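So you can see what is in the structure, the chains are spelled out below.
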Amino acid sequence: MADKSGKLNLKELSFSDSVSYYFDKAAPFTNTPKGLLDQIKVCNSIYKMNFPVKWGNEVRVIEAYRIQHSHHRMPTKGGIRYSLQVDQDEVMALAALMTYKCALVDVPFGGAKGGIKIAPRKTPVEILETITRRYTVELVKKNFIGPGIDVPAPDYGTGEREMAWILDTYMTMRPGEIDGYGCVTGKPMSQNGIRGRTEATGRGVVYALNEACSYEDDMKALGLSKGLDGKRVIVQGLGNVGYHTARIIRQYGAIVIAVAEADGAVYNENGLDIDDLYRYRQDKKSVRGYPKGKVIADSASALELDCDILIPAALEKQITDKNAARIKARIVAEAANGPVTPAAEQILLKKGVMIIPDIYINAGGVTVSYFEWLKNLSHVKFGRMQKRWEEKHQTNFIKLVEDLTGQKVSAKRINDLIHGAKEIDLVNSGLEDTMIEAYRDIREFKKRHKKVPDLRTAAFAVSINKIRDSYYAMGIFP
Ligand code: NAD
């Protein structure tokens with residue numbers, strides 16, 4: 001990590017070293033004793049497992065992890081990733097990011113992450129199912145899963161289907177556990193999932209960008225106008241996070257001029273129809289050949305096109321010291337975890353680019369996972385108890401106004417006014433509030449501490465302060 005003179009070589013940091021580097025950069029602004037900083041930073045439990053799986057006519061050894069970074073709040077929480085890149089360092093980094101993310105958005109969990117080293121798109125579905133179920137059995141055997149212990153969720157390469165397999169395996173092994181449905185989030189609706197979870201991370205990214213772009217002075221400093229309307233956006237990754245971000249940001253008037261996928265990018269200066277592109281890719285298994293835009297074979301080069309906002313939503317280490325100088329965006333929104341390396345960050349910050357950090361901007365997923373977990377523990381859908389009552393109450397109120405004024409309110413107006421909140425309304429409202437409040441916390445911290453150099457450092461500092469305070473509340477202080 002450090003060269004002969006003891007200076008940190010940012011270009012050689014591993015992913016987990018990068019997270020520690022950001023932590024160390026923020027720590028001096030937090031007034032936290034060194035011993036406690038060491039405790040907050042370190043990974044609490046690492047479970048590496050290997051198990052055999054029958055694959056056609058052979059047996060293959062599967063490498064998998066579950067890492068709980070912090071037990072200061074229980075249960076721990078974090079997604080499960082399926083990718084050939086998975087290794088201990090990556091899962092440790094992602095688990096640590098979860099701890100800081102949860103603290104930042106006031107989600108009362110410690111951070112965790114899981115990973116299985118497989119290529120999900122190249123693995124037959126029945127083998128994916130066997131691996132997922134076996135992985136869950138291993139977690140149950142070691143007490144690494146449960147609604148009060150550790151609650152996985154989707155991440156890169158996983159989704160509702162895998163979460164349903166995990167739930168089913170867990171419930172089979174723990175029959176009669178009344179809160180068992182809370183052992184995993186991101187489940188399908190039919191398995192006690194929650195409306196809005198699938199798109200929550202992408203929706204959260206858009207709420208965050210909408211808030212960040214609402215400050216005229218901040219935008220002026222970047223040479224941009226206020227608001228998302230008309231902003232030219234590039235998105236990397238058309239998976240869960242990238243697709244929903246690109247789709248929803250268009251509803252705010254932004255123009256998605258390019259989408260970069262693993263096998264190529266598509267560019268159209270007038271804006272891409274994201275649903276149309278998504279359907280094309282589903283159908284052809286590639287973005288190549290898409291007729292309503294220019295296809296760029298070298299996908300990575302699309303990140304360097306001229307735009308206002310660049311949203312990397314694929315994997316870590318996509319913007320490095322090799323391409324950072326060529327990035328033209330004024331705002332980089334880290335929808336993926338760790339897409340900008342520390343060496344690249346230095347280059348971007350020098351160019352005056354605003355980096356909205358991963359631990360804040362992609363926290364929408366875990367926020368709505370928290371709502372799902374609450375729903376599972378309360379065994380009732382949000383809105384079920386009060387929706388009809390609210391509608392009756394509002395109707396009576398309108399009648400009273402009509403009686404007092406002698407004027408009739410139109411049927412359409414009445415309809416708009418009486419509408420009681422459904423589950424999706426409450427979820428999106430809770431998500432929006434969370435993203436707005438957390439951005440204000442970060443921005444105000446940065447404004448109050450003049451020496452805090454960037455939003456990431458402010459976000460880490462706010463997070464460390466909250467974790468420190470929960471240790472203090474437990475009686476752990478010098
Ligand atoms: P996903 O598997 O649904 O989609 C990832 C997409 O990125 C895929 O379409 C893949 O083909 C594409 N991709 C891979 N390598 C690429 C490359 N080099 N260039 C362009 N595209 C590439 O995964 P996801 O759930 O959308 O996760 C994406 C990122 O967001 C990850 O870093 C993940 O940790 C983070 N994240 C996800 C969630 C969530 O709720 N799913 C929450 C928070 C953060």
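Here, every reference points to the structure presented above.
In this text the structure is predicted, and so the values were computed from the model without any measurement.

Visitor: Please explain the sheet that holds strand β2 (residues 58-68) as it appears in this structure.
Guide: Sheet strands pair by backbone hydrogen bonding; their relative direction is either parallel or antiparallel. The sheet built from five strands is open, its strands ordered β1-β2-β4-β3-β5 with mixed pairing. One side of each edge strand has no neighbouring strand; the edge strands of this open sheet are β1 (45-55) and β5 (150-154). Here the average twist between neighbouring strands, direction ignored, is 20 degrees. Note that β1 and β2 share eleven bridges and pair antiparallel. The residue bridging Met 49 from the neighbouring strand is Ala 64, located in β2. The sheet strands contacting helix α3 (residues 88-104) are β1, β2, β3 (76-82) and β4 (110-116), and the helix crosses β4 at an angle near 150 degrees.

Visitor: I would appreciate a short explanation of the sheet that holds strand β12 (residues 354-356) in the present structure.
Guide: Ordered by their spatial adjacency, seven strands build an open sheet running β9-β8-β7-β6-β10-β11-β12, and the pairing between neighbours is mixed. Looking at strand neighbours, the two that pair on one side only are β9 (294-296) and β12, the edges of this open sheet. Each neighbouring strand pair of the sheet contributes to a mean axis angle of 20 degrees, computed without reference to strand direction. Pairing of strand β11 (residues 331-333) with β12 involves three bridges; the strand directions are parallel. Across the sheet, residue Ala 333 finds its bridge partner in β12, namely Ile 356.

Visitor: Quick question: what am I supposed to make of the site of the ligand here?
Guide: Looking at the ligand, there are 24 residues lining it, with Arg 81, Asp 155, Thr 201, Val 241 and Glu 261 nearest. In the environment of the ligand, an oxygen atom lies 3.5 Å from a nitrogen or oxygen atom belonging to the side chain of Arg 197. When the ligand is considered free in solution it has 830 Å² of accessible area, and contact with the protein chains removes 90% of it. At the level of elements, α8 (240-250) and β7 (255-261) are the ones that each hand at least two residues to the shell around the ligand. Residues that form the shell around the ligand fall into these classes: nine nonpolar, nine polar and six charged.

Definitions and cut-offs
Residues numbered from 1 in each chain as written. Predicted model: local features only at pLDDT ≥ 70, side-chain atom pairs only at ≥ 80, totals over all residues. Heavy atoms only, no water. Pairing = 2+ DSSP bridges. Helix = DSSP H or I, 4+ residues; strand = E, 2+ residues; numbered from the N terminus. Axes fitted to C-alpha atoms, helices over the stretch in contact; angles between N-to-C directions. Contact = heavy atoms within 4.5 Å. Near = heavy atom within 4 Å. Polar contact = N/O pair within 3.5 Å; in protein donor to acceptor, adjacent residues only side chain to side chain. Areas by Shrake-Rupley, 256 points an atom, 1.4 Å probe, with all protein chains shown as cover. Nonpolar A, V, L, I, M, F, W, Y, C, P; charged D, E, K, R; others polar.

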